[in-house]
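Observations on the model geometry
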Amino acid sequence: MAAELRLLGDQRTGGGERLLAIALCAYVGLITIWPLGQLLLTAFRPGDEGQLLGVMRDTLSSRATGRAFWNTLTLSLMSVAVSVTLGGALALAVGLLRMAFRAALSFLILMPLIIPSQVTALAWIELLGTQSPILSPLGLAPAPGSGNPLYSGFGIALVMGIEHMPLVFIAIRAALKSLPADLVEAARIAAIAPRLVLARIILPVTLPSALAGALLAFTAAVGNFGVPALLGIPGRVPMLTTLIYQRLNGFGPSAAGQVAVLALILTLMAVAALALRGLLMRHLTMRIEDGRRFRSGRRAPLWAQGLMWAAVLVIAVLPLTALVLTSLVPAIGVPFSVEVASLEQYRAVLANDAVARAFANSLMLSCAAALICALVALPLAYLATHRPGPAVAAIDLLAEAPWVVPGTVVALAMILAFLPPLPGIGVSLYGTAAIILIAYLARFLPLVLRPVAAAAQGGDPALDEAARIAGIGLSVRLGRIFAPSVLPAALAGAVLIVMTAMNELTLSALLWSSGQETIGVMVFSLQYEGNSTAAAAVSVLSTLLLFALCALADLLGRRGGDVLPWRG
Amino acid sequence: MPHIRASGLAKSFDRTRVLHDIDLDLPEGAFLALLGPSGCGKTTLLRLIAGLEVPDAGQLHFGDRMILGPNRFVPPEDRNLGMVFQSYALWPNMTARGNVEFALKARRLPAADRNARVEEMLRAMGLVHLADRRPHELSGGQRQRVALARSLALRPSLLLLDEPLANLDAHLRHRMLAEFRRLHAATGTTFVLVTHDQDEAMAVASHIAVMDDGRIQQVGTPEDLYRRPATPMVARFIDHGITLPVTVATVRDGRCDLTVGDGALSLPGSARPGRGWLCLHRADLRQAEGRGHLQAEVLSQTFLHGRYLTHVLPQGLEVDSLSVAVDRPLPVQSRIGIDITGGWVIDRDPQGPRRTAPAAMVHAHA
């Protein structure tokens, strides 16, 4: 009794709160801890003849593993180089120079982060392919039959680098925004040349953030599935994420042990980068005094503005344009021209049952995930803020795990946990939409939990105490006092979940089954079947839907604070 | 209305002791002020009484009902109390009326009773015309009234006030103090008010508990604290009191014969023969006609309230300086005599001040 008391809080923790804490522990335990635990157990399983760690030794010594590991490491590092070069230059230019249309420019720079990987990859394929609707008229497209130059390690690194560039951009931009004006003004009064101010004062202060952003980009690259799937599989460049996918697709559950080991390697790479980032942030971050923020009065020279718009055009506008133009081609193989442009592809995909089903599934699944995650995040954040205890603190932390590890790992963990028939019912969740939903619930919970918990932490604890003293019960307190105080954050977080879940591919690629397609899976399989024009049409439709959600989120974000990456 | 009894309450946060062995005995209908410098543990004690903190040891009774004790913890919602927070903690998504009404609704009071009570509270607090405003549309004083109306609407037997005047300006503070006295008289509810401002405490409380360093130094009426301090801390804290080291020769019928410096005098007190503290206020010092009880050197003078406030350094005493009001200007470094016309004598243990007040027990409602 006493031990249970301590675990769930202290004497102040009421009976209802205890029950709630137990229910939340059960929930997080079932959807997060158990699947990830299964994955660990599987990876450490003995071999067929019972050798200690046999599965792990076999997998680690295989050549395919070595190649995938090496590709993942080198291509991720190369992509980080692209992200840092692009993101760093753009962040410095936007942060240090005054120019017109800065907000529009910032939004376009962040676009690669908002567009799902598979759509980005597809857009680049269309842009640089032999049939490119933009390069062909200019005579710049690769010669027919020469293959797409992006189906290569170089292509993967380039596209991932561009996709994750906003992570570096955001980090450096934030550091520049917090740069105190005094530092720069003191240097200018001491007659130090602007070039030196940049090199010796501004850059050193932003360096830790740049490194942190780079490590975040590395983590994202290691876990990326969409780009390696669309570029690496046809290009025969295996990465860890795609190797897991291909092994599971090819050999089914019998490959579980091997892929669990691959997933473990993937997790270790991602977690190592994040741990290094935490270390850097702790030791390198300079204590900077608060003060008036630095705002440059220097106007961007025309050449610099031109260069930036050109970069943004290439990064964000051209690929999407190529995608749209491809989707307007009446049939595969027909070169694009204004005369042939038609909405035939859209008519075809909208008439296609599978596509309609995919849109319905993705909408349903992402909305359900957002709703349930918000409903779970509210009481969890409440307990973590108002009734902290070791048990609640532990699930608050563990709930973060599925977002930290690569999505492929989460999907695999779900298969390992829910492929065997559920005890009691005898039904397996694999092959139903439920397994995808559970994966979404586990992976996306932090997207709403973090902002809600932050809002709860910032609130006045006396609001709840006053209600308690007034004798108001837990459910009314939660519904009428706590929920309204964190509602904007919860709404913004929920919209972020809908946006992320609706277009994700990583989880559903491993978990989907016929009848349970998602939009991401649809794009991937249409492209895989060679129907790239239909894939382009579906991508354009899903991107339009995404932009509509962005607008909605922006509207809510005005009240919800800076939960959204392009605000602030 | 309970008679509140606390015994041996102790509380630590992260190994820092914030409350030691708190004993308190408060009669029904009292108005207690918990007074002390910041960090003395007064808010923690209030939150223990409210049930918002759990003590490490000790017991708490409201009348015959054990609220806190071994294996017993009555949650705040079942203690039948009201509380006004320093931040007021008004629920921002509800109007003033909604704030007052909410707990009554949650208790499923019949609508007619509920409305009558809400109207009564709004009227009593002069809030009728503000009833439909949200907290952010109200001034500090108005929020304070809403918070009071909200806690009193439940007709609590005990009302806890946590530094309720800290966020108000001086003028509003005086009006609210008068309001507290009126409400206390009108409701008969026991009030416990936390404050660091002794004028505030003196103005409203029937009893004051002076706290320092997690301990109750003394509980008494305002006059007790002023005239008969139990510890040197209380003597120095209340109205900028002065303590002079003295030697007590004999004690008879509550009067102590003592020497201070080389002067001798007889004053009331609780001291035993030996080393003692003479506790004084500025009003107990007067310039002597002749040699006086103390000899002192004039350091400086300020003209204040029609007299010359004179800062002097007493000779042969280990004290910094004293201030005495005199009628004429005096040259710096001149010598004057000072008479002591009153005071209270307490023990000065070689081990330091005594741990707790001799009687933290209050007998009657003053």
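On a predicted model such as this, the values are computed, not experimentally measured, just so you know.

**Regarding the overall build of chain A**
Of the regular secondary structure elements, chain A holds 25 helices and zero strands. Compactness check: chain A gives a C-alpha radius of gyration of 25 Å against a globular reference of 24 Å for 568 residues, within 12% of the reference. When its C-alpha atoms are laid out on the principal axes, chain A stretches across 80 × 70 × 50 Å. For chain A, with 568 residues in total, the buried portion stands at 54%. The long-range share in chain A, meaning contacts at least 24 apart out of those at least 6 apart in sequence, stands at 79%. Accessible surface, chain A: about 24200 Å² in total, of which carbon and sulfur atoms supply 68%. When the 35 positive and 25 negative side-chain charges of chain A are each reduced to one mean point, those points stand 9 Å apart.

**Structural notes on helix H6 (residues 117-128) of chain A**
With twelve residues, H6 of chain A extends 16 Å from end C-alpha to end C-alpha; this agrees with the ideal 16 Å at 1.5 Å per step. A large share of H6 of chain A lies buried, amounting to eleven of its twelve residues.

**Some remarks on helix H4 (residues 140-152) of chain B**
With 13 residues, H4 of chain B should cover 18 Å at 1.5 Å per step; its first-to-last C-alpha distance of 18 Å lies within 8% of that length. A large share of H4 of chain B lies buried, amounting to ten of its 13 residues. For H4 of chain B, the full list of buried residues reads Gly141, Gln144, Arg145, Val146, Ala147, Leu148, Ala149, Arg150, Ser151 and Leu152 of chain B. Those residues of H4 of chain B that are buried lie in contact with helix H21 (462-469) of chain A together with strand E7 (81-84), helix H2 (96-106), helix H3 (111-124), strand E8 (158-162) and helix H5 (170-187) of chain B.

**A short note on the domain arrangement of chain B**
Residue and element names in this part refer to chain B. Segmenting chain B into domains produces domain 1 (4-224) and domain 2 (232-347). For domain 1 versus domain 2, the distance between C-alpha centres works out to 39 Å. On the domain 2 side, the residues contacting the eleven residues of domain 1 number five residues. Roughly 630 Å² is buried in total at the junction of domain 1 and domain 2, and carbon and sulfur atoms are behind 75% of that figure. In this structure, the connection of domain 1 to domain 2 is made through zero salt bridges. Counting across the interface, domain 1 meets domain 2 through two residue pairs in polar contact (both at pLDDT 80 or more). Mapped by element, the contributors of at least two residues to the side of domain 1 that touches domain 2 are helix H6 (198-204), strand E10 (207-212) and strand E11 (215-220).

**Some details on unusual backbone geometry**
The phi torsion of most residues other than glycine is negative, and most of the peptide bonds are trans. With a phi angle near 50°, arginine 236 of chain A is a residue other than glycine that sits in the positive phi range. Within the secondary structure, arginine 236 of chain A sits in the loop between helix H11 (226-232) and helix H12 (240-251). Even without being a glycine, aspartate 21 of chain B presents a positive backbone phi close to 40°. Assessed through its relative accessible area of 44%, aspartate 21 of chain B is described here as partly exposed.

**Concerning the packing of aromatic side chains**
Applying the stated criterion across every chain, the model contains eleven aromatic pairs over all chains. Feature note: the residues Phe225, Tyr245, Phe524 and Tyr528 of chain A constitute an aromatic cluster, connected by ring pairs. Looking at arginine 150 of chain B, its charged tip hangs above the ring of tryptophan 91 of chain B, at a distance of 4.2 Å from the centre.

**Some thoughts on the pairing of strand E2 (residues 16-26) of chain B**
Taken together, the seven bridges between strand E1 (residues 4-13) of chain B and E2 of chain B define a ladder with antiparallel strand orientation. The residue of E2 of chain B that forms the bridge with alanine 6 of chain B is leucine 24 of chain B.

**So, the interface of chain A and chain B**
On the side of chain B, 28 residues touch chain A, which itself brings 19 residues to the contact. A combined buried area of about 2000 Å² lies between chain A and chain B, and 64% of that area is made up of carbon and sulfur atoms. Considering only the side of chain A, the residues that lose the most area to chain B are Gln11, Arg12 and Ile469 of chain A, jointly responsible for 32% of the buried surface there. Linking chain A with chain B are six residue pairs in polar contact (both at pLDDT 80 or more). Secondary structure elements with two or more residues in the side of chain A that touches chain B: H21 and helix H22 (474-502) of chain A. It is H21 of chain A that provides the largest number of residues to the side of chain A that touches chain B, a total of seven residues. Tallied by class, the residues present in the side of chain A that touches chain B amount to ten nonpolar, two polar and seven charged.

**Some details on the packing of helix H4 (residues 63-96) of chain A against H12 of chain A**
The geometry of a pair of packed helices is captured by two quantities: the angle between their axes and the separation between those axes. All names here are of chain A. Put simply, H4 and H12 touch, their axes get as near as 8 Å, and they point 145° apart. Residues Ala64, Thr65, Ala68, Phe69 and Thr72 of H4 touch H12, and the partners they reach there are Leu240, Leu243 and Arg247. Its residues assigned to classes, the contact of H4 with H12 shows five nonpolar, two polar and one charged.

**Comments concerning the sheet that holds strand E14 (residues 263-268) of chain B**
Adjacent strands of a sheet pair through backbone hydrogen bonds, lying either parallel or antiparallel. All names here are of chain B. With respect to topology, five strands assemble into an open sheet ordered E14-E13-E12-E15-E21, the strand pairing being antiparallel. This sheet does not close on itself; its edge strands, each paired only once, are E14 and strand E21 (344-347). Sheet twist, expressed as the mean angle between neighbouring strand axes with direction ignored, is 45°. When strand E15 (residues 274-280) meets E21, the two strands line up antiparallel, connected through four bridges. What sits directly across from leucine 278, in E21, is valine 345.

**Considering a nonpolar patch on the surface**
A surface patch of nonpolar side chains, amounting to about 240 Å² of accessible area, comprises Leu40, Phe44 and Leu53 of chain A. Here leucine 53 of chain A shows up in the loop between helix H2 (15-43) and helix H3 (54-61).

**What to know about the pattern of salt bridges**
On inspection of all chains with the given rule, the structure shows 25 salt bridges over all chains. Two residues, arginine 47 of chain B and glutamate 53 of chain B, come together in a salt bridge whose shortest N-O distance is 3.3 Å. Neither arginine 47 of chain B nor glutamate 53 of chain B differs from the other in exposure class; each is buried. When salt bridges that share partners are traced, they join Glu17, Arg387, Asp464 and Arg477 of chain A into one network.

**Describing the confidence of the model for chain B**
The share of residues in chain B with pLDDT of 70 or more is 95%, and the mean pLDDT across the chain is 88. Here residues 351-366 of chain B is modelled with pLDDT under 50, and outside its nearest four sequence neighbours on either side it reaches 30 contacts, counting other chains as well.

The rules behind these values
The residue numbers shown here count from 1 along each chain, following its written sequence. As a convention, the first chain written is A and the first ligand written is 1, with the rest following in written order. Where local features are concerned, this predicted model is filtered to residues with pLDDT of at least 70; where side-chain atom pairs are given and counted, the filter is 80 or more; whole-chain, interface and lining totals use all residues. Hydrogens and waters are ignored; side-chain quantities use all the structure's heavy atoms. Runs of E in the DSSP output that reach at least two residues are strands. Runs of H or I that reach at least four are helices, and both are numbered from the N terminus. Each radius of gyration is computed over the set of C-alpha atoms, and the globule rule expresses the reference value as 2.2 Å times the number of residues to the power 0.38. The buried label goes to any residue with under 20% of its type's maximum accessible area, the exposed label to any with over 50%, and the partly exposed label to all in between, with areas taken from a 1.4 Å probe on protein chains only. Only heavy atoms matter for contacts: two residues are in contact if any of them lie within 4.5 Å across the pair. Residue burial considers only the protein chains on display, and all accessible areas are found by Shrake-Rupley using a 1.4 Å probe. Positive residues here are Lys and Arg, negative ones are Asp and Glu, while His and the chain termini are left out of the count. Charge coordinates come from a single atom per side chain, which is NZ of Lys, CZ of Arg, CG of Asp or CD of Glu. Between the first and last residue of a helix there are one fewer steps than residues, each counted as 1.5 Å, and that sum is the expected span. Where each domain begins and ends follows an automated or database-derived domain assignment. Once two parts are joined, some of their accessible surface, as seen by a 1.4 Å probe, is lost; buried area is that loss totalled over both. Just to be clear on terms, a salt bridge is a Lys or Arg side-chain nitrogen sitting within 4 Å of an Asp or Glu carboxyl oxygen. Pairs of N or O atoms within 3.5 Å make up the polar contacts considered here, provided that, within protein, one atom can donate a hydrogen while the other can accept it, and that residues adjacent in sequence are counted only when both atoms are side-chain atoms. Each pair of aromatic rings taken from Phe, Tyr and Trp, with Trp reduced to its six-membered ring, is defined by centres within 6.5 Å and is described as stacked if the planes are under 30 degrees apart, edge-to-face if over 60, and tilted in the remaining cases. Working rule: Lys NZ or Arg CZ, within 6 Å of ring centre, within 35 degrees of ring normal, means a charge sits over the ring. Only strands joined by at least two bridges in the DSSP assignment are considered to pair. Gly is placed with the polar residues, together with every amino acid not listed as nonpolar (Ala, Val, Leu, Ile, Met, Phe, Trp, Tyr, Cys and Pro) or charged (Asp, Glu, Lys and Arg). Axis geometry follows a simple rule: fit a line to the C-alpha atoms, using only the stretch in contact for helices, then measure angles between N-to-C directions, giving values from 0 to 180 degrees. Only residues whose relative accessible area exceeds 30% and that form no salt bridge enter a patch; like-charged residues are grouped when within 9 Å of one another, and nonpolar side chains (Val, Leu, Ile, Met, Phe, Trp, Tyr) when within 5 Å. Confidence per residue, as judged by the predictor, is encoded in pLDDT with a range of 0 to 100.

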